[in-house]
Structure formats: C-alpha cells, structure tokens
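Chain by chain, the residues:
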Amino acid sequence: MSTRVGVLGATGAVGQRLIQLLAPHPEFEIATLTASENSAGKPYREAAKWRVNTPIPDAVADITVVDTDPSAMPNDVDLLFSSLPSNVGARVEPTFVEEGYIVSSNSSNGRMDDDIPLTIPEVNPDHLGLIEVQRDERGWDGALVKNPNCSTITMVPTLAALDEFGLERVHVATLQAVSGAGYSGVTSMEIIDNVLPHIGGEAPKMETESRKLLGEFDGAAVTHHDAEVSASTNRVPTLDGHLENVWADLTDSPTTEEVAVAMEAFPSIDLHSSPEQLIVVFDDPARPQPRMDRMLGGGMSVSAGGFRETPHGVQYNCLAHNTIRGAAGASVLNGELLSREGYL
Ligand SMILES: NC(=O)c1ccc[n+]([C@@H]2O[C@H](COP(=O)([O-])OP(=O)(O)OC[C@H]3O[C@@H](n4cnc5c(N)ncnc54)[C@H](OP(=O)(O)O)[C@@H]3O)[C@@H](O)[C@H]2O)c1
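Remember, it's a predicted structure, so these values are computed and weren't measured experimentally.

Draft legend 1. Up close: the packing of aromatic side chains. One pass over the structure, following the stated rule, counts four aromatic pairs. On the numbers, 5.8 Å between centres and 65° between planes, the contact of F28 with F81 is edge-to-face. Taken together, the residues span a long stretch of sequence, with F28 in strand 2 (residues 28-35) and F81 in strand 4 (residues 79-82) at a distance of 53 residues. The class for F28 is buried, based on a relative accessible area of 3%. Under the relative-accessibility criterion, F81 is labelled buried at 0%. On the basis of an interplanar angle of 65° and a centroid distance of 6.0 Å, the ring pair of F96 and Y101 is categorised as edge-to-face. You'll find F96 and Y101 in the same group, each marked buried. Lying over the aromatic face of Y183, R51 brings its terminal NZ or CZ to 4.1 Å of the ring centre.

Put into structure tokens, the structure is as follows:
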C-alpha cells in the first residue's frame, strides 16, 4: 500500500520538482498540496505557473491547493515534503510536527540544530537516529528531517569518498544555476551576460552543513567533522545544475587515479530514488558540464572530473542537479529512508 503524502510550498521551483518525482513514485501517493494564501482555494493547474519539462501530472492538476496549516490536512496523510521559504518553514514546520506529522524538508531553517537530522541517505543514514533525541527534547510526536543546501549536497558525497585519505581542509568555489534562487529569485536583467559573485547566506551554509553531514553520530549527538571548509559562491546564467571547483587538502598523498577510484567506488544505497552510480567520474578534464551531465542518474548522481594533484591534496570539479539531487530528489530520498527505517 502506498503512503499518502503532502507537499508544502507545492507551487514553487522545488515544489514542482517534488510533484514531478512523486506523481509516478511507487511508494508515495500525492494527497494534498499547500502554498501561500494567494494560491489557496485554486486548482493546482491555475495556482502553479508550471515550468518543469514534463506536463503537470493529471492526478495533481485538479487538486485544490490548501493553506499551509495542519488544520487543512486530510486525516490520512503520513508524510509531508516541505519546500517553503525558510522564514515560513521556521514558523510552520514545527506546528505540523507537533501534530504528529513526519516532515522531510528542503528549507534551511533548523538544519544546524543539534537534534535535527541533516541527512544524505548515501552518506550519513545513521544520523536519522537523532529523531529519538528530537522527540525526547521537544516532546514532538512527529519528526523533522532536513536535506542540505543544494551547493553543499553537490560536493559532500565527493568529500565523503576522500575522507579515507584524511580530509583536512576544503576550499570550494561554486558556479550555481539560476533555478537555485527559486522562481522569483534572480531577474533576467541581473543575470543575462553576467555573473553574481555573492549569494546571500550560501557560503556559511556550505561551510557548516558539510561538517555536520560528515560528522559522527554516537547515538546521542553528532560530532562535526574537524576539516575546515571555506566557500565562495557565484550565480551564473545556467538554468539547472551547480558546478563546483573544489580544492581538498589531505593527510595522505593519493594519486589522481586513486582519488578517481575512491569516488567511483563510493557506494549508493538501495532506495528507489538513489542512482546505481552515486558519483560518476569523468576522464575528460572538460567534464562534468551542467547542460550535458546534470541529468545523470535521473538527476540524482553527482559527477566529478578534472582531477589534479596539488601540493596539499587534490583539485577537481563536481556537479549535481540543484533542484533534483540538490532539493526535491534529496527530500524524496529522505522520505524513502524514513519509510524503510519504520518512521512512517
Ligand atoms: N531552488 C533550489 O534549487 C533549492 C535547493 C535547495 C533548497 N531550496 C530551498 O527550498 C525552499 C523552496 O525554494 P523554491 O526555490 O522552490 O522557492 P519558490 O520558487 O519561491 O517557492 C516557494 C513556495 O512556498 C510558498 N510560500 C511562499 N510564502 C508562503 C507563505 N507565507 N505560506 C505558505 N506558503 C508560502 C509559495 O507559494 P505561492 O506560489 O502561493 O507563493 C511556493 O509554493 C527554500 O527554503 C529554498 O531555500 C531550494
């Protein structure tokens, strides 16, 4: 039997991707959609300016969008995917969890809280155990689980693969697609023929979230990884797919071939949305590229290439689809993990 799910913030860039991924999903069935009061009361096809590259699923188009409030939920919904602006998420996500809902959220609020799991299922599935800590400390019946920021999730699987060589320090510069800013985020006048060398709040997210994701969970708390991470974030005029230049300083001195083998061998996880090959490695130093490689593994693979030895470790480029692996797909995958681990 499939699990009935809802999408909070269903009309936005990530919300539309969630619907695209959830409509054909074998384990989940979309039961309810929420958005702001501007959209509530309208059929989804009217409320959402549909921009995803497949038609609005028939089963969703005529659903009436409701307010983002627990009282508007049908009784039989077990799991909610949240793609609300973080200030809205901070206010309303706890109200759903207090009512017993399990929320798998994209929004940045709470990601760094000690008792909120920040999870990439292939990297740190055990951190889901923080749910018990969260329930004890907050008295919640439900649970709140986060996936990381889209630029963080692009590099962290590659860093996890490098950890066997002693990860000491990371420098990263990003080239991030416009869809990462949401539908009303960056105007054409700002971005065409241009690069924006600052994305508010993005660098600190990469610097902190990556250390939590790579940290150790001992059953009570996560000890963050001690590698130093410093980031410079840039918005570029691509539609989808964040490309990142990474410098990783390592204790050991692996060859570029050993680095490539470690990344290629880093295991995926046996969940519906996880790709067979988590990290796709290119020999061609001019790959990965956003337009060519963002849909690898259905948009859920990370790709890497351009490996060069440096005096302190290795330099390389990595790429992931920011609204699939970096947002909606990441949330759906966390939902699948929650289901497999018996939280629904
Ligand atoms: N885009 C990405 O690549 C990406 C990646 C990772 C994480 N995220 C995070 O995911 C979240 C959503 O991002 P997005 O890019 O999808 O944003 P977006 O395109 O602006 O969509 C925002 C959604 O939230 C709804 N909403 C806005 N204000 C609301 C309110 N007061 N009450 C209830 N619903 C409200 C909107 O509904 P209306 O249509 O009715 O206004 C819309 O459905 C953000 O927290 C973002 O940081 C995004």
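Draft legend 2. Expanded view of the state of the cysteines. Counted under the stated rule, the structure contains zero disulfides. No disulfide involves C150; its nearest neighbouring cysteine sulfur is the one of C318, lying 12 Å away. For C150, a relative accessible area of 12% corresponds to the buried category.

Draft legend 3. A look at the nonpolar core. Counting residues in each nonpolar core, the largest one holds 38 residues, and the members touching the most others are M155, L162, M263, F307 and Y316. Sort the elements by how many residues they give to this core and helix 6 (residues 150-162) lands first, with seven residues. In contact with M263, not counting residues within four places along its chain, are T158, A161, L162, I279, V281, A304, F307 and Y316.

Draft legend 4. Just the layout of surface pockets, in detail. A volume near 1,100 Å³ is recorded for the largest pocket. The wall of the largest pocket is formed by 47 residues, among which S83, L84, P85, A181 and G182 lie closest to the centre. Secondary-structure elements contributing two or more residues to the lining of the largest pocket are helix 1 (13-22), helix 4 (86-98), helix 8 (202-213) and helix 11 (324-340). Here the lining of the largest pocket takes four residues from helix 1, the largest share from any one element. A class-by-class count of the residues in the lining of the largest pocket yields 14 nonpolar, 24 polar and nine charged. Quantified by volume, the second largest pocket comes out at close to 410 Å³. Forming the boundary of the second largest pocket are 17 residues, of which R51, S179, Y183, L239 and D240 lie nearest the centre. Grouping the constituent residues of the lining of the second largest pocket by class yields seven nonpolar, six polar and four charged.

Conventions adopted
Residues numbered from 1 in each chain as written. Predicted model: local features only at pLDDT ≥ 70, side-chain atom pairs only at ≥ 80, totals over all residues. Heavy atoms only, no water. Phe/Tyr/Trp six-rings, centres within 6.5 Å; stacked < 30°, edge-to-face > 60°. Helix = DSSP H or I, 4+ residues; strand = E, 2+ residues; numbered from the N terminus. Buried < 20%, exposed > 50% of the residue type's maximum accessible area, 1.4 Å probe, protein only. Lys NZ or Arg CZ within 6 Å of the ring centre and 35° of its normal. Disulfide = S-S within 2.5 Å. Core = buried A, V, L, I, M, F, W, Y, C linked by side-chain atoms within 4.5 Å. Contact = heavy atoms within 4.5 Å. 1 Å grid on protein atoms, 1.4 Å probe; cavity = no way out; pocket = protein on both sides within 12 Å on 5 of 7 lines; lining within 4 Å. Points joined across faces, edges and corners; volume = space filled by probe spheres on them. Nonpolar A, V, L, I, M, F, W, Y, C, P; charged D, E, K, R; others polar.

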